[in-house]
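# What the coordinates show
Here is how the chains run, residue by residue.
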Amino acid sequence: MSDMKTFASRVAASANRAEHLRKAIEWLEPASRDTILHEPNVSVIQTWANGMGGYYQAMELLSAEMSDIAEDVAKAALVKAKKELAEIEDIFARFIEQENAP
């Protein structure tokens, strides 16, 4: 019985993940725009050593660099999300096919 519960739990988790990915992909798809992000703002903070001299300057530099690469990261995330969603949908399709087989 525990195997059945584990299987059901994994199926539910996969379905939830697929829905999460669909919503993210829907937002990330640059349907009517050239870029995914428009003037992204990335703020980097770190709780360790934040009292040391130069902390704020370092975080400002990192935040600026990360904002500069945010569009590339968004495009890569979109590609990964589409791939993961396709894999989940393929698993469900094979399962349904197996269930419908005589």
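Just so you know, the residues in each chain are numbered from 1, in the order the chain's sequence is written. Where totals are concerned, whole chains, interfaces and linings use all residues; where local detail is concerned, this predicted model gives features only for residues with pLDDT of at least 70, and gives and counts side-chain atom pairs only at 80 or more. Note that water and hydrogens are dropped before the side-chain values are worked out from all heavy atoms of the structure.

If you tally the helices and strands in the chain, you get 2 helices and 0 strands. The quantity called the radius of gyration is restricted to C-alpha atoms. Its globule counterpart is 2.2 Å times the number of residues to the power 0.38. Scaling as 2.2 N^0.38, a compact globule of 102 residues should have a C-alpha radius of gyration of about 13 Å, whereas the chain reaches 21 Å, well beyond that. Along the longest, intermediate and shortest principal axes, the C-alpha atoms of the chain span 70 × 40 × 15 Å. A buried classification covers 16% of the 102 residues belonging to the chain. Contacts between residues were defined by any pair of non-hydrogen atoms, one from each residue, lying within 4.5 Å. Within the chain, residue pairs in contact and separated by at least 24 positions form 69% of the contacts whose partners lie at least 6 positions apart. For the chain, the exposed area adds up to about 8,500 Å²; of that, 58% sits on carbon and sulfur atoms. In this tally, Lys and Arg are treated as positive and Asp and Glu as negative; His is ignored, and so are the chain termini. Where a charge sits is defined by one atom per residue type, namely NZ (Lys), CZ (Arg), CG (Asp) or CD (Glu). Computed over 11 positive and 17 negative side-chain charges, the separation of the two mean positions in the chain equals 6 Å. Only DSSP runs of H or I reaching four residues or more are called helices, and only runs of E reaching two or more are called strands; each is numbered from the N terminus. Whether a residue is buried, partly exposed or exposed follows from its accessible area with a 1.4 Å probe, protein chains only, as a fraction of its type maximum: under 20%, in between, or over 50%, in that order. Calculation of accessible area relied on Shrake-Rupley with a 1.4 Å probe; when residues are assessed, cover is drawn exclusively from the protein chains displayed.

With that out of the way, let us pick up unusual backbone geometry. Not every positive phi belongs to a glycine, and Glu39 is a case in point at roughly 50°. The residue Glu39 is located in the loop between helix H1 (2–28) and helix H2 (55–100) in this model. Residue Ala49 is not a glycine yet carries a positive backbone phi of 65°. Of note, Ala49 is situated in the loop between H1 and H2.

Looking now at the environment of Glu84. Here Glu84 is to be found in helix H2. Residues Glu84 and Arg17, spaced 67 residues apart in sequence, show a C-alpha to C-alpha distance of 9.3 Å. Those residues in contact with Glu84 that lie beyond four places of it in its chain are Arg17 and Leu21.

Next up on the list: the pattern of salt bridges. Should a side-chain nitrogen of Lys or Arg be within 4 Å of a carboxyl oxygen of Asp or Glu, the pair is scored as a salt bridge. Evaluated as defined, the whole model comprises 5 salt bridges. Close ionic contact of Arg22 with Glu19 constitutes a salt bridge, the shortest N to O distance being 3.6 Å. Of the two residues, Arg22 and Glu19 are both situated in helix H1; the distance of 3 residues between them amounts to about one turn of the helix. Judged by its relative accessible area of 36%, Arg22 falls in the partly exposed class. Asp90 serves as the salt-bridge partner of Arg94, at 3.1 Å between the closest nitrogen and oxygen. Within this pair, Arg94 and its partner Asp90 are both found in helix H2, separated by 4 residues, close to a single helical turn. When salt bridges that share partners are traced, they join Glu19, Arg22 and Glu89 into one network.

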